[in-house]
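Architecture and fold: a report
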Amino acid sequence: MNALRSVAWLSLVFCLLLGQVGCGDSTTTPPDPGGTPSASPTRIVSLAPALTRMIQDLGGGGLIVGGDDSHLKVFASFEQPTVGQFNQINSEAIIALKPTHVLAMVGQEGVPAELETLAKSNNFKLVTFAYPTSVRDVEVIMRGPPVVDQTGKMLVGEESLAFLVNTDPLMANRVVNDMVARLGQIDALTSTVAPPGDKPRVLLVMALEPEVRAIGPKTVLHDVLTSYAGAYNAAIPEHKPMTPEEEKDPELRKAYFERLSKDPADLVGPAPVMTREMLLDAKPDVILLILPGEPPIEVPDLDPRLADFKGLDIPAVKNDRVLLISSPQSQLPSTTLPQVAADMAKAIHPSLTAPIDKLMAPPAPEPDPTDPPAQPGTSEKIEARTSVNAE
């Protein structure tokens, strides 16, 4: 079986840890609109590709002078120097870049002591955000809670990325609102084929080695799956009827009712290991492998990566519904979430592929006023030819 322990996978494991969004201090200097390393006083080293993507979409890409090693796998054209990994920082590389800010996402483990010491001794600000657990958390990281001044002008929170890179509040809100709107449009589509009470059970898998590890509740991808992609998370156990043994034994009966009183989502963690027995109990209709950069599944029965699912009496296996999403940014809790939701929804609900592709297509360029006017009948012929090609 191929090794799947990539830096991107490790990034997701950390991303699934719990926490609440917050950050340290920041300064504000105008971003370089050119998208290249800037001569501005603000120089950012990003240790989280998700933050890098947010900054790029907020117009501050020119402030980024370096990133951690995982940037090379997530971004096809990241040309800035890299500085190691979050827990194994190359101190000399960071010092050489002379950052004013080093950005990171942190979980319960907190910030490595070496990085804190480096920040103090080299006079840069260490700005940390807790790993988001929902789409809402991503919004807050980008622009903070909505703030309106006395004149009615919309502002961004002082602990947001938009404030750090000095993004115009109107632009910041436009970026965030576009992300939220696209997710809402995907939800509207999936609701037409999967209304509440009739959604398929889908298991999201983020690793196959050394064991099958799923994506559980209180994670961004769980939120995307259940709130927008039209599915239930099969990693969350269903309540089972009481067994004869539980009916007879007072202690077992008491334990059963205690389990029944709890939210099933509280019974599993954010990254549960799925044994074969648990997979059988989960009964997923679809298994989605969220594995950035993995080659496609050609012949499922012969693919060694799927060995743990072989022979299981579950709908996903019996109906050949073990599917792969391998986009390099499919694990990022960032502005790419609409595309992640779209990929999930198309895999789960194939009948929605055409409308989702239409929704996610980039807008057509505006016509050039210097172009000559179209001849009579031209647009009609083009439309007819396009229809033939679509068939």
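Values in this document were obtained by computation on a predicted structure and should not be read as measured data.

Basis of the calculations
- Position numbers for residues count from 1 along each chain, tracking the sequence in the order it is written.
- At least 70 in pLDDT is required for a residue's local features to be given in this predicted model, at least 80 for side-chain atom pairs to be given and counted, and no such filter applies to totals for whole chains, interfaces and linings, which use all residues.
- For the side-chain quantities, the full set of heavy atoms in the structure was used; hydrogens and water were omitted.
- Counting from the N terminus, the helices are DSSP H or I runs at least four residues long and the strands are E runs at least two residues long.
- The buried label applies to any residue whose accessible area, calculated with a 1.4 Å probe on protein chains only, is under 20% of its type's maximum; exposed applies above 50%, and partly exposed to all values in between.
- Throughout, a residue-residue contact means that at least one pair of heavy atoms, one from each residue, lies within 4.5 Å.
- Every accessible area reported is derived by Shrake-Rupley at a probe size of 1.4 Å, with residue values counting cover from the shown protein chains alone.
- Pairing of N or O atoms within 3.5 Å defines a polar contact, subject to two protein rules: one partner must be a possible hydrogen donor and the other a possible acceptor, and residues neighboring in sequence count only if both atoms are side-chain atoms.
- The nonpolar core is taken to be a set of buried Ala, Val, Leu, Ile, Met, Phe, Trp, Tyr and Cys residues, with the residues joined through side-chain atoms within 4.5 Å.
- The term salt bridge refers to a side-chain nitrogen of Lys or Arg lying within 4 Å of a carboxyl oxygen of Asp or Glu.
- In a helix, the anticipated span is given by 1.5 Å times the number of residues less one.
- By convention, a stacked pair of Phe, Tyr or Trp rings (six-membered ring in the case of Trp) has centres within 6.5 Å and planes under 30 degrees apart, an edge-to-face pair has planes over 60 apart, and any other such pair is tilted.
- Definition used: whenever NZ (Lys) or CZ (Arg) falls within 6 Å of the ring centre and also within 35 degrees of the ring normal, the charge is taken to sit over that ring.

**So, the overall build of the protein**
In terms of helices and strands, the protein carries 16 helices and 13 strands. In the protein, buried positions account for 46% of the 391 residues. The contacts in the protein between residues at least 6 apart in sequence include a share of 70% that link residues at least 24 apart. By element, 54% of the accessible surface of the protein is carried by carbon and sulfur atoms, the whole surface being about 19,900 Å².

**Looking at the side chain of Thr335**
Looking at where Thr335 falls in the secondary structure, it is placed in the loop between β13 (322-325) and α14 (337-348). In this structure the side chain of Thr335 is engaged in a polar contact, spanning 2.4 Å, whose partner is the side chain of Asp57. Among residues more than four places away in sequence, those in contact with Thr335 are Arg53, Met54, Asp57, Met142, Val175 and Met179.

**Topic: the nonpolar core**
Ranked by internal contacts, the top residues of the largest apolar core, which has 61 residues, are Leu51, Leu161, Leu204, Leu288 and Met344. For this core, the element with the most residues is α14, which contributes eight residues. Leu203, Leu208, Leu279 and Val322 belong to the second-largest nonpolar core, a separate cluster that totals 20 residues.

**Quick word on unusual backbone geometry**
Backbone torsion omega between Glu209 and Pro210 reads 0°, so that peptide bond is classified as cis. The backbone of Asn123 sits at a positive phi, close to 60°, despite the residue not being glycine. For Asn166, which is not a glycine, the phi torsion comes out positive at approximately 60°. Secondary-structure assignment places Asn166 in the loop between α7 (161-164) and α8 (169-193).

**Regarding the pattern of salt bridges**
Counted under the stated rule, the structure contains eight salt bridges. Here Asp303 and Arg305 are joined by a salt bridge, their closest N and O atoms 2.7 Å apart. Its relative accessible area of 11% is what places Asp303 among the buried residues. Overall, the relative accessible area of 5% leaves Arg305 in the buried class. Measuring nitrogen to oxygen at the nearest pair gives 2.7 Å for the salt bridge that ties Asp357 to Lys346. Of this pair, Asp357 sits in helix α15 (residues 353-360) while Lys346 sits in helix α14, placing them 11 residues apart in sequence.

**Here's the deal with α14**
Across its 12 residues, α14 extends 16 Å between first and last C-alpha, which sits within 8% of the 16 Å expected from 1.5 Å per residue. Here α14 lies mainly inside the structure; 10 of its 12 residues are buried. Leu337, Pro338, Val340, Ala341, Ala342, Asp343, Met344, Ala345, Ala347 and Ile348 are the residues of α14 that are buried.

**Brief notes about the environment of Leu352**
On the secondary structure map, Leu352 appears in the loop between α14 and α15. Owing to a relative accessible area of 6%, Leu352 belongs among the buried residues under this scheme. The contact partners of Leu352, leaving out residues within four places of it in the chain, are Leu189, Thr190, Thr192 and Val193.

**Here we look at the packing of aromatic side chains**
Any pair of aromatic rings gets described here by the distance separating the centres and the angle formed by the planes. If you walk through the whole model with that rule in mind, you get one aromatic pair. Its guanidinium or amino end placed over the ring of Tyr232, Lys199 lies 6.0 Å from that ring's centre, counting from NZ or CZ.

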